[in-house]
Amino acid sequence: MTLTEAKKKIEELRSRIRYHDRKYYVENQPEISDYEYDQLVKRLEQLEAQFPELITPDSPTQRVAGEPLKEFVSVTHRVPMLSLANCYTPEEMIEFDTRVRKNLPGEKIEYVVELKIDGVAVSLEYENGKFKRGATRGDGYTGDDITANLKTIKSLPLVLDTTDPRLMNFEVRGEVFLTKEQFKRINQEKAVANEELFANPRNAAAGSLKLLDPQLTAKRKLDIFIHSLGYIAEPIAATHFDTLKKLQSIGLKISPEITICNTIEKVIATWEYWSKHRDTLPYDIDGLVVKVNNLNQQARLGATMKSPRWAIAFKFSATQATTKLLDIVLQVGRTGAITPVAVLEPVSLAGSTISRATLHNQEEIARKDIRIGDQVIIEKAGEVIPEVVKPIHSVRTGKEKKFVMPDKCPVCGARLWKEPDEVVYRCENISCPAQIKRRLTHFASRAAMDIEGLGEALVEQLVDAGLVRDIADIYTLDLFKLLQLERMGQKSASKLLTAIEQSKHRPISDLIYGLGIRHVGRRAADILAEYFGSIDALSAATVEELRTIPDIGQVVAESIYQTFRTPEMRRLLERLRAAGVQFVAEPKKDVKPSALTGKTFLITGTLQKHTREEAHDIIRRYGGKVATAVGKNVDYLIVGENPGSKLEKAQQLGIKTITEQEFLAMVEQ
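Residues numbered from 1 in each chain as written. Predicted model: local features only at pLDDT ≥ 70, side-chain atom pairs only at ≥ 80, totals over all residues. Heavy atoms only, no water.

Digging into the packing of helix H12 (residues 433–444) against helix H13 (residues 456–464)
- Between H12 and H13, the shortest axis-to-axis distance is 10 Å and the interhelical angle comes to 135 degrees. Classified by the angle their axes make, H12 and H13 are oblique. Along this stretch, H12 crosses H13, giving a crossing that reads as right-handed. Along the contact surface, H12 presents Pro 433, Ile 436, Lys 437, Leu 440 and Thr 441, while H13 presents Glu 456, Val 459, Glu 460, Val 463 and Asp 464.
- Taken together, the residues of the contact of H12 with H13 sort by class into five nonpolar, one polar and four charged. (Axes fitted to C-alpha atoms, helices over the stretch in contact; angles between N-to-C directions. Helix = DSSP H or I, 4+ residues; strand = E, 2+ residues; numbered from the N terminus. Parallel < 35°, antiparallel > 145°, perpendicular 65-115°, else oblique. Left-handed = near helix turned anticlockwise from the far one by under 90°. Contact = heavy atoms within 4.5 Å. Nonpolar A, V, L, I, M, F, W, Y, C, P; charged D, E, K, R; others polar.)

Examining the pairing of strand S13 (residues 338–349)
- Across seven bridges, strand S12 (residues 320–332) lies against S13 in antiparallel orientation. Residue pairing in the sheet places Leu 330 in a bridge with Pro 340 of S13.
- Counting the residues in the hairpin turn of S12 and S13 gives five residues, including Gly 336, whose phi is positive at 90 degrees. (Pairing = 2+ DSSP bridges.)

A short note on the pattern of salt bridges
- By the definition in use, this model includes 36 salt bridges.
- Between Glu 125 and Arg 133 there is a salt bridge; the shortest N-O distance is 3.1 Å.
- Under the relative-accessibility criterion, Arg 133 is labelled partly exposed at 26%.
- Where Asp 144 meets Lys 210, a salt bridge forms, and the shortest distance between an N and an O atom there is 3.1 Å. Of the two residues, Asp 144 is situated in strand S6 (residues 142–144) and Lys 210 in the loop between helix H6 (201–209) and helix H7 (214–219); the sequence distance between them amounts to 66 residues.
- With relative accessibility at 40%, the residue Lys 210 sits in the partly exposed group.
- The structure contains a network of salt bridges with shared partners spanning Asp 369, Arg 371, Asp 374 and Arg 396. (Salt bridge = Lys/Arg side-chain N within 4 Å of Asp/Glu carboxyl O. Buried < 20%, exposed > 50% of the residue type's maximum accessible area, 1.4 Å probe, protein only.)

Focus: unusual backbone geometry
- Of note in this structure, Asp 450 is not a glycine but carries a positive phi near 50 degrees.
- Since its relative accessible area comes to 32%, Asp 450 is described here as partly exposed.
- Despite not being glycine, His 519 has its phi angle at roughly 75 degrees, a positive value.
- By the secondary structure assignment, His 519 is in the loop between helix H16 (508–514) and helix H17 (522–532).

What about the sheet that holds strand S7 (residues 170–177)?
- Strand order in the open sheet made by the four strands is S5-S4-S7-S8, with antiparallel pairing throughout. The open sheet has two edge strands with one neighbour each: strand S5 (130–136) and strand S8 (223–232). Each adjacent strand pair in this sheet contributes to an overall mean axis angle of 30 degrees, direction not counted.
- Of the pairings in the sheet, the one linking S7 to S8 comprises seven bridges and is antiparallel in character. Bridged to Arg 173 within S8 is Ser 228.
- Sheet contacts for H6: strand S4 (120–127) and S7; angle to S4, the most-contacted strand, approximately 40 degrees.

Things to note about the packing of aromatic side chains
- Taken as a whole and assessed by the stated rule, the structure comprises twelve aromatic pairs.
- Plain terms: the ring middles of Trp 271 and Phe 314 are 4.4 Å apart, the flat faces sit at 5 degrees to each other, and that makes the pair stacked. With Trp 271 in helix H9 (residues 264–277) and Phe 314 in strand S11 (residues 311–315), this pair connects stretches of sequence that are 43 residues apart. For the pair Trp 271 and Phe 314, a shared accessibility class is recorded, and that class is buried.
- Between Tyr 273 and Trp 274 the ring centres are 5.1 Å apart and the planes differ by 80 degrees, which places this aromatic pair in the edge-to-face class.
- Members of the aromatic cluster, each reached through a chain of ring pairs, are Tyr 126, Phe 131 and Phe 170.
- Residue placement shows Lys 190 over the ring face of Phe 198; its charged tip is 4.8 Å from the ring centre. (Phe/Tyr/Trp six-rings, centres within 6.5 Å; stacked < 30°, edge-to-face > 60°. Lys NZ or Arg CZ within 6 Å of the ring centre and 35° of its normal.)

Structural notes on the environment of Val 581
- Here Val 581 is to be found in the loop between helix H21 (567–578) and strand S21 (600–604).
- Separated by 30 residues in sequence, Val 581 and Thr 611 have C-alpha atoms that sit 26 Å apart.
- Residues in contact with Val 581, not counting those within four places in the same chain, are Met 449, Tyr 475, Lys 504, Leu 511 and Leu 576.

Structure representation (structure tokens):
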């Protein structure tokens with residue numbers, strides 16, 4: 001290949017990769033498989049290695065490049081990055097609106113309401129349509145140059161999709177964040193490595209951006225939303241909302257949840273909605289940002305030395321509370337992991353009454369110096385069980401007791417142990433009733449084998465009655481055995497047996513997830529099922545083979561390998577096979593045309609008949625597509641109870657809205 005031919009091919013590959021980066025990371029609408037994408041990148045890497053003189057800083061291969069930094073250099077912001085004033089109540093929000101209207105007498109006021117992402121503020125500079133430099137907010141006037149780390153964020157375009165001369169040289173501001181899923185993954189890896197855990201996703205994101213080695217930052221899988229312009233020579237729109245849409249059109253990622261409100265009452269209603277539903281988001285928010293939409297009005301309102309007069313952070317009520325730690329008890333998980341749990345004096349927090357909170361492990365308790373009898377601060381940040389942030393040392397009486405991890409399981413009395421490189425203690429008895437119950441509940445859950453009727457209460461009964469000792473025993477149940485249980489009628493028993501029989505034919509990805517292999521979550525189970533195609537092939541895989549699969553790291557690979565080589569797992573698999581549980585993936589079939597085929601659906605609000613995950617499964621099963629945000633590609637918006645801002649946006653775009661009942665009628669067709 002000549003240099004000219006190589007240059008042409010390299011530019012073609014870069015263009016295709018940038019296109020698919022945008023479809024996957026920005027629009028959340030991937031068009032090719034991960035394998036096909038990886039092959040494009042691999043081919044580009046090969047050509048650039050062959051022709052190094054053609055490597056450019058904006059190439060997709062250069063997101064992680066060069067040696068680790070020795071230090072961060074300072075950057076002076078061309079336009080100061082001011083902080084926002086805060087308010088916490090509807091009354092304070094009304095006062096803000098009053099001030100705005102007083103300074104713009106008689107004018108029509110429209111507000112843009114955006115989610116206040118709990119992340120790290122950054123500025124991004126583009127020069128000639130290419131990403132030049134990025135920096136932290138710092139003191140608002142000077143920040144740190146973190147360009148190398150920002151380049152690792154796949155949703156941040158290195159080259160903009162525009163020929164508009166106004167959008168070739170400018171600066172934008174955004175918020176870098178970690179999703180809850182990625183935060184959980186990072187802390188799991190830190191726990192395995194016996195490292196101190198991050199307190200929350202925001203701290204994890206901030207720490208990731210200040211790493212001197214971009215290779216490490218890339219592993220954190222950060223994300224970003226652009227929320228405003230910093231410097232631009234010439235306006236690109238008359239309103240803030242239209243500006244954001246223009247930025248989105250050239251490849252910058254903006255929040256999918258933006259609401260336009262023409263009254264302060266609508267602003268408050270939006271705040272009330274998100275204060276109740278923020279836990280449904282895949283990332284943390286701590287409030288809303290309310291901005292005057294008209295840019296001319298923004299300019300006339302101006303700013304103080306600290307904050308703009310045209311915007312305010314409308315924050316949620318505190319997610320922390322103070323209470324007394326009455327006791328520390330141990331909870332046994334399905335893998336034998338022992339988790340200390342704080343028993344608390346009941347306290348109201350974020351709309352619910354809290355009486356228990358996780359303490360993670362003994363080392364965490366010792367590090368925070370948490371004692372039984374302490375007054376403690378607890379925090380709820382989207383988790384079902386809140387955590388204890390810290391004790392209040394200043395109010396100790398001397399009667400508080402230090403916690404000592406026992407050497408025996410609180411349920412079965414077996415020895416507790418922990419690996420030298422781990423912080424988690426485990427019960428060594430795989431027949432421990434607590435472990436069995438957790439494993440059974442997990443196996444029967446909707447995300448796994450979906451055995452309707454086999455919930456926690458029934459699992460407790462089955463194990464306590466000695467009818468079930470492991471997962472395979474589920475398939476030995478019959479009508480006679482079930483009718484021995486209290487409050488179990490023939491109709492309920494027959495229904496359960498039907499559900500158990502149907503579970504034998506679930507996809508093998510559900511079985512892989514249901515087996516409860518350490519570190520193997522729902523996505524990993526899907527990847528493994530697609531790659532191996534059968535349980536037998538997966539169980540025979542080596543660590544080296546597992547490591548070659550995208551998104552399957554060393555820790556996960558070793559866990560899978562070791563699990564399938566234990567005598568217990570081998571016996572379990574043979575019993576499941578004998579029971580008729582499906583071990584081989586069914587060949588993919590063409591989906592028969594239906595009322596859903598080729599249509600794209602989006603859901604807002606709470607459905608009554610199905611969870612959102614179940615509804616998504618139904619849509620895909622009948623040939624439909626699932627959208628994550630309102631857009632012109634959406635054919636139907638399914639509206640449940642308490643719909644969010646998606647409804648108003650869908651109506652503005654003329655998207656057809658249907659009820660859950662109408663959706664189910666389409667399915668029946």
